[in-house]
Amino acid sequence: MRLLARMAESAPRGVVCGVDYSKDMLLEARRLNRELIAQNRMELRLGDLARLDYPDASFNTGCTANTVYYWPAPLSNVREMARVLRPGGTLVVAFRTTALAPYRHAPLGFRWYSAAQVAAVLAEAGLIEIERRQRPLVLPRCCVVIAKKAVA
Ligand SMILES: C[S@@+](CC[C@H](N)C(=O)[O-])C[C@H]1O[C@@H](n2cnc3c(N)ncnc32)[C@H](O)[C@@H]1O
């Protein structure tokens, strides 16, 4: 959740918008970021990545952390995130890779991905300049895949 505050820090003249479909997570994120919200520098909504309530090309950057595991349809989620990115904008997907132990606490389903699998989904969604970053000694099994939306 510190990610939202870090994003606001790195875009001091921008607004950070976030969605989560869990009401509990939304309330906690709003509590943690209440000052930024009060300053109109952050807006957090209840919502599903699969159907974002934002117009096309609304954002310079999109980022999702530790959510891919729960997506029933990764390609359509990535397409939806790409839709709200401006041409030339950047999408960042952060997650832990397959190497972790089996996870059994997700009643609605849970799936591990490798960096190559996530990169392939981003490519299939039409994103370009796909780059994978892993720093295994700093954050074990953490992976970030970064891509750009083409300028038409
Ligand atoms: C493991 S938590 C990660 C929270 C935070 N991003 C972090 O890294 O600490 C996963 C969160 O993703 C949310 N989530 C998963 N799929 C989602 C989707 N399609 N739309 C909105 N939220 C989603 C869940 O509700 C949950 O709050």
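Note that this is a predicted model, so its numbers are computed, not measured. Every chain is numbered on its own, with residues counted from 1 as its sequence reads. pLDDT decides what is reported in this predicted model: residues at 70 or higher carry local features, side-chain atom pairs at 80 or more are listed and counted, and totals for whole chains, interfaces and linings draw on all residues regardless.

Trainee: Would you mind going over the overall build of the protein in detail, with residue names and values included?
Mentor: Think of it this way: any DSSP run of H or I at least four residues long counts as a helix, any run of E at least two long counts as a strand, and we number them from the N terminus. A count of helical and extended segments in the protein gives five helices and six strands. Traced from its N-terminal end to its C-terminal end, the protein shows the element sequence α-β-α-α-β-β-α-β-α-β-β. Two things to know: the radius of gyration comes from C-alpha atoms, and the globule rule equals 2.2 Å times the number of residues to the power 0.38. What you see for the protein is a C-alpha radius of gyration of 15 Å, in line with the 15 Å of a compact globule of 152 residues. In terms of principal-axis extent, the alpha carbons of the protein reach across some 40 × 40 × 30 Å. Within the protein, the proportion of its 152 residues that are buried is 22%. Placing a C-beta atom from the backbone of each residue, one calls two residues in contact when those atoms lie within 7 Å. Once local pairs closer than 6 in sequence are excluded, the contacts in the protein between residues at least 24 apart make up 64%. Put simply, a residue is buried when 20 or more other C-beta atoms lie within 10 Å of its own C-beta and exposed when 12 or fewer do; between those, it is partly exposed, and each C-beta is set from the backbone.

Trainee: Quick one: what's the story with the site of the ligand, residue by residue and with numbers?
Mentor: Neighbouring the ligand are 15 residues; Ser 22, Met 25, Leu 49, Ala 65 and Asn 66 lie closest to it. Per-class residue counts for the shell around the ligand are nine nonpolar, four polar and two charged. Formed jointly, the shell around the ligand draws a minimum of three residues from each of two domains, domain 1 (1-47) and domain 2 (55-152). All residues are tested the same way: a C-beta atom is placed from the backbone, and lying within 6 Å of a molecule or strand makes the residue near it. Under the scheme applied, nonpolar residues are Ala, Val, Leu, Ile, Met, Phe, Trp, Tyr, Cys and Pro; charged residues are Asp, Glu, Lys and Arg; polar residues are all the others, including Gly. The source of the domain bounds is an automatic or database domain assignment.

Trainee: Which residues make up helix H4 (residues 74-83), and what values do they have?
Mentor: Buried within H4 are the following residues: Pro 74, Asn 77, Val 78, Met 81 and Ala 82. In a view along the axis of H4, the buried residues occupy a sector of 140 degrees, so they form one face of it. Contact partners of the buried residues in H4: strand S3 (59-65), strand S4 (85-96) and helix H5 (115-124). Along the arc lie the directions from the helix axis toward the C-beta atoms.

Trainee: Give me the nonpolar core: which residues, what numbers.
Mentor: Judged by nonpolar contacts, the single largest core of 21 residues is most densely connected at Met 81, Ala 82, Leu 91, Val 118, Leu 122 and Val 145. Residue assignment for this core shows that the elements contributing at least two residues are H4, S4, H5 and strand S6 (142-148). As used throughout, a nonpolar core is a set of buried Ala, Val, Leu, Ile, Met, Phe, Trp, Tyr and Cys residues joined through C-beta atoms within 7 Å of each other. Leu 4, Ala 29, Leu 36 and Met 42 belong to the second largest nonpolar core, which has six residues in total.

Trainee: Lay out the sheet that holds S3 with the relevant residues and their values.
Mentor: When DSSP finds two or more bridges between a pair of strands, those strands are recorded as paired. Ordered by their spatial adjacency, four strands build an open sheet running S3-S4-S6-S5, and the pairing between neighbours is mixed. Both edges of this open sheet fall to S3 and strand S5 (128-134), since each of them pairs with a single strand only. Geometrically, the sheet is characterised by an average inter-axis angle of 15 degrees between neighbouring strands, direction not taken into account. Convention adopted: a line fitted to C-alpha atoms gives each axis, helices being fitted over their contacting stretch, and angles between N-to-C directions are expressed from 0 to 180 degrees.

Trainee: Could you give me a rundown of unusual backbone geometry, with the residues and numbers involved?
Mentor: Positive phi is not limited to glycine here, since Asn 66 has a value of about 60 degrees. If you trace the backbone, Asn 66 turns up in the loop between S3 and H4. Although it is not a glycine, Glu 129 adopts a positive phi angle of roughly 50 degrees. Mapped onto the elements of the fold, Glu 129 is located in strand S5.

Trainee: Pulling in residues and values, what's your account of the environment of Phe 59?
Mentor: With respect to the helices and strands, the residue Phe 59 is situated in strand S3. For Phe 59, a count of 20 C-beta atoms within 10 Å gives the class buried. Separated by 43 residues in the primary sequence, Phe 59 and Val 16 place their C-alpha atoms 9.2 Å from one another. With residues near it in sequence (within four places) discarded, Phe 59 still touches Val 84, Leu 85, Arg 86 and Gly 89.

Trainee: Now, about the packing of H4 against H5: what can you tell me, with residues and values included?
Mentor: Axes are the key here: two packed helices are described by the angle between their axes and the distance separating the axes. Relative orientation of the contacting elements H4 and H5 amounts to 55 degrees, with a least axis distance of 9 Å. One element, H4, and the other, H5, form an angle in the oblique class. Relative to H5, the crossing made by H4 is right-handed. Facing H4, whose interface residues are Pro 74, Leu 75 and Val 78, H5 presents Val 121, Leu 122 and Glu 124. Among the residues making up the contact of H4 with H5, the classes are represented as five nonpolar, no polar and one charged. Note on angle classes: values under 35 degrees are labelled roughly parallel, values over 145 roughly antiparallel, values of 65 to 115 roughly perpendicular, and the remainder oblique. Left-handed describes a crossing whose near helix is turned anticlockwise from the far helix by less than a right angle; the clockwise case is right-handed.

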